[in-house]
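What follows is each chain in one-letter form.
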Amino acid sequence: MAHTEIDIDKVARLARLDLSDEEKRTYSAQLGQVLEHMDKLNALDLDGVEPTAHSFPLSNVLDEDEEQPGFTVEEALRNAPKARDNQVVVPKVVE
Amino acid sequence: MEYEPVIGLEVHVQLKTRSKMFTRVAYAYGHEPNTLTNPVVMGMPGTLPVMNKEAVRKTVQLGLMLGCKIAETCKWDRKNYFYPDSPKNYQLSQFDQPICEGGEVEIEMLGASRNVMGDHRTVELTRIHLEEDVGKLTHFATDSLVDYNRAGAALCEIVTEPNLYSEDEVYAFMTALRNMIVTAGLSDCDMEKGQMRCDANISIRPVGSKTLGTKVELKNMNSISGVRNAVAYEIKRQIRALTTGYEKIVQETRRWDPVALETESMRMKEESHDYRYFPDPDLMPVSIPAEQIEKIRSEIPEMPFDRQRRYMNDMDLPYTITSVLCPERELAEFFEEALALTKGKGEPKAVANLVVNELIRDLSAAEGGGRQSLSECLVTPAHVAELVLLIEGGVITKQIGKDVWVEMATSGKMPAVIVDEKGLKASNDSGELATIVAQVVADPKHEKAITQFKEGNKKALNSLIGPVMKATQGKANPQQIQQLMREAVAKL
Amino acid sequence: MPELYESTAAELSTLLASGQTSAKEIMAAYLSRIEQVDGNVRAFNSYDHDDALRQADASDTRRREERAMGPLDGIPVALKDVIAVKDQPLTASSKMLKDFVSPYDSHVTELLKRQGAVLFGRLNLDEFAMGSSTENSGFQRTCNPWDLERIPGGSSGGSAAAIAACEAPLTLGSDTGGSIRQPAALCGVVGMKPTYGLVSRYGLIAFASSLDQIGPFAQTVEDAAILLQGIVGHDRRDSTSIKMAVPDYRAALKTDKKWRLGVPKEYFGEGLDAEVRAAVEAAIKTYEGLGHEIVEVSLPTTDLAVPVYYILAPAEASSNLSRYDGIRYGHRSSNAADAIDVYYKSRAEGFGPEVKRRIILGSYVLSSGYYDAYYLKAQKARTIIRNDFNSAFEQCDALLTPTAPTAAFKAGEKTNDPLSMYLSDIFTINVNLAGLPGVSVPCGFTSTGLPIGLQIIGKAFEEAEMLAIAHAYEQQHDWGKQRPSL
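None of these values were measured; they are calculated from a predicted model.

A count of helices and strands for chain B gives 15 helices and 16 strands. For chain B, the spread of C-alpha atoms along the three principal axes comes to 95 × 55 × 50 Å. Relative to its full complement of 492 residues, chain B shows a buried share of 43%. Long-range pairs, those at least 24 residues apart, make up 69% of the contacts in chain B with a sequence separation of at least 6.

Pasting the structure below:
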C-alpha cells in the first residue's frame, strides 16, 4: 500500500496539535518511512485470525455499585491552571 | 404534494446507580460543584476505569423489558473527541457491540378524546448501549466554568429506528418509555434534571416516498412537552421550506429555544466527525450468563400498559381511571394494597375513585410546587380500605365520606375513629328521619315537584333529597330517604 | 567494608534487622551519594531531601517499637516519574506536567507505603515513556554511568542509571516495549517486566494501556524478587489486574531444578552486535555447563514486532494522551484565544517531538479509513505473535535471548532516525505484545567496557521460575557486582 503521503493537517486537527510547517514536513517524511516498514503486515495471511485486544482474556470484570470517598474540591482543583467558584475556568468555548 | 415527517430518536437515560459508571465515587443530582469527583472522574494521569455491575444489570433489564436481544458479548470502546466537559477527551461508549440490539416500545397514540383509549402500536429500536456522561459547562461572557460532578455518571442511550411520524407519536413514545423506566426503578427520568435527554432526527418526504429527506438533528429539549413542541415546530419549518422554497433544508444540528418556541441552527462546524473508535484496552468485555439474564428478567415488575389491560379486563375499571393509575407504579400499588385490605368487600372502582380523585388532589395540593410523594402523605392504603368499607357498608354516607377523608388526611386518624369521635354514623332512626321527611314534603315550596312525581316523573322527588340531607347534616342514608319520601307522598 | 550505598537491598535489610544501621543512616548515605554523582548522571528529576529523611525516621521509630513491616521497611525506593505518589511531583518528564503534584497514590505506592519503604525521588525518563534512550525527556538527558557520553537506554533510563550509579538500592520503572529490560541491559543492572496483569497499573501514567507494566530494577535478582513481592497483588481499580495466589519469589530462587531453555534462532540474526552475540552465547554455555538443557526454538514472527508495536502503542497512546489538554491540570498556553485554541497551543507547547510524532502516528492509524488496514491488522498479528510464543513454550521452560541488539549508543546518534531507534527494541517488544514476563541480567561487557544484558523470557505468571533461572546464572559470574567509576 502506498501511503507516503499522509494528510498531516487532518491528523494534527484530530489530535488537537498545532504543528509548524517544519514539523509537518519532518513528521510527514518520518511517518511515511515508519508506515512503509509496517507494510510487512500486508504479507501476512490473517484470514480468520481473531484480533487480540488484551494479552490475557478476562471477562466480566465488574465492581459492586458502592460509594467510596472521593476528592475534596481542593484536591480536585489543586492542579487546575485556573479555577473560580469551585469550578475549572476555561476560555470561552467557541464552536 | 403532501409531505410526511420521519423521525428517529436518541434518548439518553441516566441510570439510578449509587456510584458512577466506571469508578466508585457517588453520583447524585444537585450537589455543590466538583464535590462528586475522584482521580478517575477528573481524568488524572494514571487512572483507570472499572465497570459498575449495577449499571450493566439495569441496562440488561431495560433491554429485556423492551424485548431487545442481549448481546452474548459486548465491549467498550473509546470515542475520541476533545471538549472541556470530557475529562479524558475520550468517552467510554459502545461502538459496534452494544449491550442490547433490536427491541421495541409499545406506545398509545392519541384517542378520539381524552376519555377514549387510543390505538397502541410499537416503535422499533435499533439498539441500547451504555456510556459515561460528561461534566457540565456554564457559559459566561468571556469564559466558561466546568463542574465535573456529572462526569462519569452511568448513561444508557436508546436509539430508535426512524419510524415515528408525528410530534404526538414522539410525545407518546417519550411518555411510554419514561413510564416503563420509572416503573422498573432504572432511572427517575426527570428531564429538567437531565436524567432523561432526547435528540430527535427529523426529515420530511413526500407521502409514499421510501427514501429519507435531509436529516436535521434537534437538541436541547428539557421536557417531554418541549420535545413535542420542538418536533412540531421543526416539521412545520421543514414542510414550509419544501413547499415555499423560502428556506433550504440543510443537514445540521438545531437547538430548541424553549422561550422563543423555535429551533435555531447551532452553526457547528460540521467537520466530519472522526471519533477514532477503538476497543478500550483498560476494560474487559462483558458476557452475561444466560441464568443471570433469566434472573434479571424475573425481577422486571409489571409494565404500565400490561397493568392497564389487567385493570380494564379483570377489574372492569374504566379507561379514564386506569390511565391515571397505571403509569405510576407507586399509585397503582397503593390502589392494589388498599383493594386487598378490603378483603373482597370493596368494589375496585370505589377504591380506585378515592385514589384517583381524593388522593391525587391532596398530593397535588401540597405546598412547594410539584407533587407530594406518597410516602409523605398521612393517608395509607389501610385508611382508604377502611373508608371504602364504611361507605359501602352504609355506615356513613358518601357525602360524610368526603369529610372523613379531609379529616384523616390532616390528622392521620383512622376513618372509623373519626366517625366515632364526630358521631358521623348514618342515621338509622327512621322515626326521626320520617318526621324530617314529613316536614319537607309538607313544605309548600315542594308542591310542584310532588305533583310532577304523582304525574309519573319518578325523578321529580330527587330535588327534595337535598333539603332532607341538610336537615340531617348529611348523616341520612339516601336510599332510606327515598323510601320514606315515597311513603310520605303516598299518604298525601 | 564497602560503602553503605553500594549494598544490596537484601544486605541493607539484614543490617537494619540486626540494628547495625538505621534507615536514616541509609537514606542519608544515598542522599549524599546523589549529591556527589547525580550532577553527572542526572537520573533524578527531583527528590525531597527532608521528606526522605522523615520517612526513614518514621521507619526507625517503627523498628524501635518492634512494629517493622518486613524486608522493605526503611529501604529507599526511587520511582520512575510516571508512578503517582500522593503529594509528590508527577511529571512524566514532560513540560506538560512540569508543575503537576499528584493528588493520589498509585496501587504500588500504597502497597510499598504499607510495607514501610522510603519512597523518595522522581527518576527521569523519555517523555511519557516514549523512547529508548531517555534523550526524549523534556527536562534533561540522563547519562549512562559507564560512559557519560552514552545513553542509559530508555524509557526508564533514570531508574536503571540510578541503580548503576548506586544512587538507590531499588527503583521502579515501567515497561511497554522494553523500557525496563533495555536500560537495565545498557546500564549493567537487573530489570524485570512482570506478566501483564500481575502488577496493578492504577497510578501509572499510561503510555500503551494493553502493554504497560510496572517492574523493579535492582543490583541483583534477589533484590528484584524482594521488590516484585512488594508490588504484586490484585487491585479492583485495574480491570486488567489478575487474581492469583502469589508465590514467595525470593524463596523460589533457591532450587536445584534443571530446566529446558529455549534459544530462538531469529534473535541471533542480522543486526545483532558481535560482542553482544558472543556474551549471550557464553551465557547460554554457562547454563549448559550447569546441566540445563538448551533447545533451539523458532519464533518466526519476530520481525513483526516493530510494525505491530508501532501501530498498537501509538494508537493507544494518542488516545491516552488526549487528557493532557491544559484544562483540568497541566500546561495551559497563555496565548490561547478560546477553549479549542487552548488544546492546540497547550499541546504544541507542552509535548516534545517524539510524543508529537507518536500522537500523529497513532491518530493516523485510528482515523477513518485506516483502522482496518493498520490497527485491526496489527491486533490480528498480535494474536499470531502470542501463538508463536505458546508453541515455543511447549518445548521449553523459558527463552534466552539478547536484551538489546547493541550496547549503549552515543547520545544524539539516533535522534533523527526514529525507525532505527524503534528497531533497537526489537528483542523486547514481542514480550509485551504477548504479555509475558521478561528479565534482563548482566552477562558481560564489550571491549570498551559497556554492559551487555541477557534476556530471560518466562511463561505467563511464572515469574518465580524465570527469576530462579536468572538467579542461577547470576551466581556463576560477577558481572552485576562491577560498578562504574564516577
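For chain A, the count of helices and strands is three helices and three strands. Ordered by position in the sequence, the α and β elements of chain A form the string α-α-β-α-β-β. Against the globule reference of 12 Å for 95 residues, chain A gives a C-alpha radius of gyration of 23 Å, more extended than a compact globule. For chain A, the spread of C-alpha atoms along the three principal axes comes to 55 × 45 × 25 Å. Expressed as a percentage of the 95 residues in chain A, the buried residues total 27%.

With that settled, the discussion passes to the domain arrangement of chain B. Residue and element names in this part refer to chain B. Domain annotation of chain B identifies domain 1 (3-292), domain 2 (302-422) and domain 3 (430-491). One C-alpha centre belongs to domain 2, the other to domain 3; they are set 32 Å apart. In this complex, domain 2 contributes four residues to the contact, which on the side of domain 3 involves five residues. Its residues placed into classes, the side of domain 2 that touches domain 3 shows one nonpolar, three polar and no charged.

A few words now on the pairing of strand 10 (residues 438-445) of chain C. Residues and elements named next belong to chain C. Most of strand 10 is tucked away: seven of the eight residues are buried. Of the pairings in the sheet, the one linking strand 5 (residues 190-193) to strand 10 comprises three bridges and is antiparallel in character. Residue pairing in the sheet places Met192 in a bridge with Val439 of strand 10. Where strand 10 and strand 11 (residues 451-458) come together, seven bridges link them in antiparallel fashion. From the neighbouring strand, Phe445 faces strand 11, where its bridge partner is Pro451. In this antiparallel pair of consecutive strands, strand 10 and strand 11, the connection spans five residues, and Gly449 shows a positive phi of 85 degrees.

Counting from both sides, the interface comprises 55 residues of chain C and, opposite them, 44 residues of chain A. For the side of chain C that touches chain A, the secondary structure elements donating two or more residues are helix 9 (305-320), helix 10 (339-350), helix 11 (353-366), helix 12 (372-392) and helix 13 (418-423) of chain C. A total of 12 residues in the side of chain C that touches chain A trace back to one element, the largest contributor, which is helix 12 of chain C. Residue classes in the side of chain C that touches chain A are distributed as 31 nonpolar, 11 polar and 13 charged.

Turning our attention to helix 11 (residues 415-422) of chain B. Residue and element names in this part refer to chain B. Along helix 11, the positions that sit buried rather than exposed are Pro415, Ile418 and Val419. End-on, the buried residues of helix 11 take up no more than an arc of 100 degrees, which puts them together on one face. Helix 11 presents Asp420 and Glu421 as exposed residues on the side facing more than 90 degrees away from its buried surface. Looking at the buried side of helix 11, the elements it contacts are helix 9 (381-392) and helix 10 (398-411). Immediately beyond the C-terminal end of helix 11, within one or two residues, lies Gly423, with a positive phi of roughly 60 degrees.

With that settled, the discussion passes to the environment of Val439 of chain C. Residue and element names in this part refer to chain C. With respect to the helices, strands and loops of the structure, Val439 is situated in strand 10. Along the chain, Val439 and Arg181 lie 258 residues apart, while their C-alpha atoms are 6.2 Å from each other. Filtering out sequence-adjacent residues up to four positions away, Val439 remains in contact with Val190, Met192, Ile456, Met466, Leu467 and Ala470.

Here the focus is the packing of helix 9 of chain B against helix 11 of chain B. Residue and element names in this part refer to chain B. Their axes nearest at 8 Å, the elements helix 9 and helix 11 cross at an angle of 55 degrees. Regarding the angle of helix 9 to helix 11, the classification is oblique. Here helix 9 contributes His383, Glu386, Leu387 and Leu390 to the contact with helix 11, which in turn contributes Pro415, Ala416 and Val419. Residues that form the contact of helix 9 with helix 11 fall into these classes: five nonpolar, one polar and one charged.

Let's shift gears to unusual backbone geometry. A cis amide bond links Gly154 of chain C with the next residue in sequence, Ser155 of chain C, at an omega value of 10 degrees. Looking at the secondary structure, you find Ser155 of chain C in the loop between strand 3 (118-123) and helix 5 (157-164). Not every positive phi belongs to a glycine, and Asn86 of chain A is a case in point at roughly 60 degrees. In this structure, Asn86 of chain A sits in the loop between strand 2 (83-84) and strand 3 (87-91). With a phi close to 55 degrees, Arg42 of chain C is a non-glycine residue in the positive phi region. Looking at the secondary structure, you find Arg42 of chain C in the loop between helix 2 (23-41) and strand 1 (44-46). Arg42 of chain C sits in the buried class, given 22 other C-beta atoms within 10 Å.

What follows is about the sheet that holds strand 2 of chain A. The four strands are arranged 2(A)-3(A)-10(B)-9(B) in an open sheet whose pairing can be described as antiparallel. Both outer strands of the open sheet, strand 2 of chain A together with strand 9 (136-139) of chain B, are each paired with one neighbouring strand and no more. Where strand 9 of chain B meets strand 10 (residues 143-147) of chain B, four bridges bridge the pair, whose relative direction is antiparallel. Across the sheet, residue Leu137 of chain B finds its bridge partner in strand 10 of chain B, namely Val146 of chain B.

Okay, the pairing of strand 3 of chain A next. With four of five residues buried, strand 3 of chain A lies mostly within the body of the structure. Between strand 2 of chain A and strand 3 of chain A, which pair antiparallel and follow one another directly, the connecting turn spans two residues, one of which, Asp85 of chain A, has a positive phi of 50 degrees. In this structure, strand 3 of chain A lies alongside strand 10 of chain B, joined through four bridges in antiparallel fashion. Within strand 10 of chain B, the residue paired with Val90 of chain A across the bridge is Ser144 of chain B.

Facing 31 residues of chain A, the contacting portion of chain B comprises 42 residues. The leading source of residues in the side of chain A that touches chain B is strand 3 of chain A, at five residues. A breakdown of the residues in the side of chain A that touches chain B according to their chemical character gives 14 nonpolar, seven polar and 10 charged.

All right, on to the packing of helix 9 of chain B against helix 10 of chain B then. Residue and element names in this part refer to chain B. Where helix 9 contacts helix 10, the axes come no closer than 10 Å and their chain directions differ by 160 degrees. Judged by the inter-axis angle, helix 9 sits roughly antiparallel to helix 10. Of the two possible hands of crossing, helix 9 and helix 10 adopt the one that is right-handed. Residues His383, Leu387 and Ile391 of helix 9 lie in contact with helix 10, whose contacting residues are Lys398, Gly401, Val404, Trp405 and Met408. In terms of residue class, the contact of helix 9 with helix 10 is built from five nonpolar, two polar and one charged.

The next point concerns the nonpolar core. The biggest cluster of nonpolar side chains holds 270 residues, and the ones touching the most others in it are Phe173 of chain B together with Val77 and Leu467 of chain C. Those residues in contact with Phe173 of chain B that lie beyond four places of it in its chain are Leu9, Val105, Ile107, Val123 and Leu164 of chain B. Within the second largest apolar cluster, 31 residues are counted, among which are Ala332, Phe335, Ile391 and Val404 of chain B.

Looking now at the confidence of the model for chain B. Do not read the predicted coordinates in detail wherever pLDDT is low. When the pLDDT values of chain B are averaged, the result is 92; 98% of them are 70 or greater. For this predicted complex, the interface confidence comes out at an ipTM of 0.96, alongside a pTM of 0.92.

Residue and element names in this part refer to chain B. Taken together, the three strands give an open sheet; going across it, the order is 5-4-16, and neighbouring strands pair in antiparallel fashion. For this open sheet the edge positions go to strand 5 (90-93) and strand 16 (278-279), each flanked by a neighbour on one side alone. For strand 4 (residues 77-80) and strand 16, the ladder comprises two bridges, and the chain directions are antiparallel. Across the sheet, residue Arg78 finds its bridge partner in strand 16, namely Phe278.

Another point: the confidence of the model for chain A. The share of residues in chain A with pLDDT of 70 or more is 94%, and the mean pLDDT across the chain is 90. For chain A, per-element mean pLDDT is lowest for helix 2 (residues 21-37) of chain A, which scores 91, and highest for helix 3 (residues 73-77) of chain A, which scores 98.

Reading the values: the criteria
Residues numbered from 1 in each chain as written. Chains lettered and ligands numbered in written order. Predicted model: local features only at pLDDT ≥ 70, side-chain atom pairs only at ≥ 80, totals over all residues. Helix = DSSP H or I, 4+ residues; strand = E, 2+ residues; numbered from the N terminus. Buried ≥ 20, exposed ≤ 12 C-beta atoms within 10 Å, placed from the backbone. Contact = placed C-beta atoms within 7 Å. Rg over C-alpha atoms; globule rule 2.2 N^0.38 Å. Domains from an automatic or database assignment. Nonpolar A, V, L, I, M, F, W, Y, C, P; charged D, E, K, R; others polar. Pairing = 2+ DSSP bridges. Arc of directions from axis to C-beta. Axes fitted to C-alpha atoms, helices over the stretch in contact; angles between N-to-C directions. Parallel < 35°, antiparallel > 145°, perpendicular 65-115°, else oblique. Left-handed = near helix turned anticlockwise from the far one by under 90°. Core = buried A, V, L, I, M, F, W, Y, C linked by C-beta atoms within 7 Å. pLDDT = per-residue confidence, 0-100.

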